[in-house]
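# Fold and geometry: a report
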Amino acid sequence: MNQDRELPPYPPARNAWDYPPPPISRHWRWAPILAVALVAIVGTGLIVASVVIMGKDFPGIIEDDRIVSVIDRECDIMTETVKSMPIEGSATEQAKIVTDQNQAITNMLTEIRKLDDDVLKADPPTITWLDDWDSLISAREAYAEQLRDGYDTDFRIPRDLHGDRIYERMDLVWLSAPVCQVPEELLEPYPADVSAV
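What comes next concerns the included structure. In this text the structure is predicted, and so the values were computed from the model without any measurement.

### Looking at the packing of aromatic side chains
- Scanning all chains against the criterion turns up four aromatic pairs.
- Ring geometry for Trp129 and Trp174: centres 5.6 Å apart, planes at 80 degrees, overall edge-to-face. Of the two residues, Trp129 is situated in helix H5 (residues 125-148) and Trp174 in the loop between helix H6 (166-170) and helix H7 (184-187); the sequence distance between them amounts to 45 residues. For the pair shown, Trp129 and Trp174 are each scored as buried.
- Of the aromatic side chains, those joined through ring pairs into one cluster are Trp129, Trp133 and Trp174.

### Re the pattern of salt bridges
- On inspection of all chains with the given rule, the structure shows 10 salt bridges.
- Where Glu145 meets Arg148, a salt bridge forms, and the shortest distance between an N and an O atom there is 3.1 Å. Linking Glu145 with Arg148, this pair stays in helix H5, spanning three residues, or about one helical turn.
- Several salt bridges share partner residues, and in doing so they unite Arg113, Asp131 and Asp134 into one network.

### Notes on helix H2 (residues 65-83)
- Across its 19 residues, H2 extends 26 Å between first and last C-alpha, which sits within 8% of the 27 Å expected from 1.5 Å per residue.
- Those residues of H2 lying buried are Ile67, Val68, Val70, Ile71, Glu74, Cys75, Met78, Thr79 and Val82. All buried residues of H2 lie within an arc of 155 degrees about the axis, which places them on one face of the element. Along H2, the residues that are exposed and aim more than 90 degrees away from the buried face are Asp65 and Glu80.
- On the buried face of H2, the contacting elements are helix H3 (91-112), helix H4 (117-122), H5 and H7.

### Some words on H5
- Given a rise of 1.5 Å per residue, 24 residues ought to cover 34 Å, and the 35 Å separating the end C-alpha atoms of H5 matches this to within 8%.
- The positive-phi residue at the C-terminal boundary of H5 is Gly150, with phi of around 90 degrees.

### What about the environment of Lys83?
- When you line up the elements, Lys83 lands in helix H2.
- The exposure class assigned to Lys83 is partly exposed, which follows from its relative accessible area of 43%.

### Points about the environment of Glu185
- With respect to the secondary-structure elements, Glu185 resides in helix H7.
- Judged by its relative accessible area of 29%, Glu185 falls in the partly exposed class.
- Each C-alpha atom of the pair Glu185 and Ile87 lies 8.5 Å from the other, and the pair is 98 residues apart in sequence.
- At 3.3 Å, the side chain of Glu185 forms a polar contact with the side chain of Lys83.

### Considerations on the nonpolar core
- The biggest cluster of nonpolar side chains holds 40 residues, and the ones touching the most others in it are Met78, Met108, Trp129 and Trp133.
- Taken together, the elements giving at least two residues each to this core come down to H2, H3, H4, H5, H6 and H7.
- No other element matches H5, which puts nine residues into this core.

### Observations concerning the state of the cysteines
- Tallied over the full model, the rule gives one disulfide.
- The residue that forms a disulfide with Cys75 is Cys180, at a sulfur-sulfur distance of 2.0 Å. With the S-S dihedral at roughly 75 degrees, the linkage between Cys75 and Cys180 falls on the right-handed side. Highlighted residues: Cys75 in helix H2 and Cys180 in the loop between H6 and H7, separated in sequence by 105 residues. Cys180 shares its class with Cys75; the two are buried.

Quick notes on the rules
Residues numbered from 1 in each chain as written. Predicted model: local features only at pLDDT ≥ 70, side-chain atom pairs only at ≥ 80, totals over all residues. Heavy atoms only, no water. Phe/Tyr/Trp six-rings, centres within 6.5 Å; stacked < 30°, edge-to-face > 60°. Helix = DSSP H or I, 4+ residues; strand = E, 2+ residues; numbered from the N terminus. Buried < 20%, exposed > 50% of the residue type's maximum accessible area, 1.4 Å probe, protein only. Salt bridge = Lys/Arg side-chain N within 4 Å of Asp/Glu carboxyl O. Expected span 1.5 Å × (residues − 1). Arc of directions from axis to C-beta. Contact = heavy atoms within 4.5 Å. Polar contact = N/O pair within 3.5 Å; in protein donor to acceptor, adjacent residues only side chain to side chain. Core = buried A, V, L, I, M, F, W, Y, C linked by side-chain atoms within 4.5 Å. Disulfide = S-S within 2.5 Å.

Quick look at the structure:
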């Protein structure tokens, strides 16, 4: 007779909500509050740091937009002009091409130096960068003069006080992408076809 009774499934179903929640230590109540406070402090610090960095002048970097935009424009013109004048012909003809390339650099520097002196001096690396271009022109002109005089000579790139070639620092004065790199044609003023010399 007892066997005819339907037995409940085993184990019997239980409602999870019938159990009391696990005990939580009182110390953990402060964790979310401390986490929020920490995030707020770090966030504020990052904002302050970015404002300070954005307003700070990086030593050795040309970053004034007024200067960079002019350099970008004039450097493109200079680079295209120099690339359109490959070194070729006799030593005298090569010397003339080197001088013509130098004139393209001079034109670029003249346009950049038309900026207000206060603007240029406010971003000091600009002055050194312009002076480096002047040094490169002088070295190239000395090389052209030796060609005109019939000397079989090599072009010597000016070096800084550390003994590094100046074009290395000239190419590294930009905050992000290079705005104006010294064209290779200016650093190796040799004829493409050596047999033409």
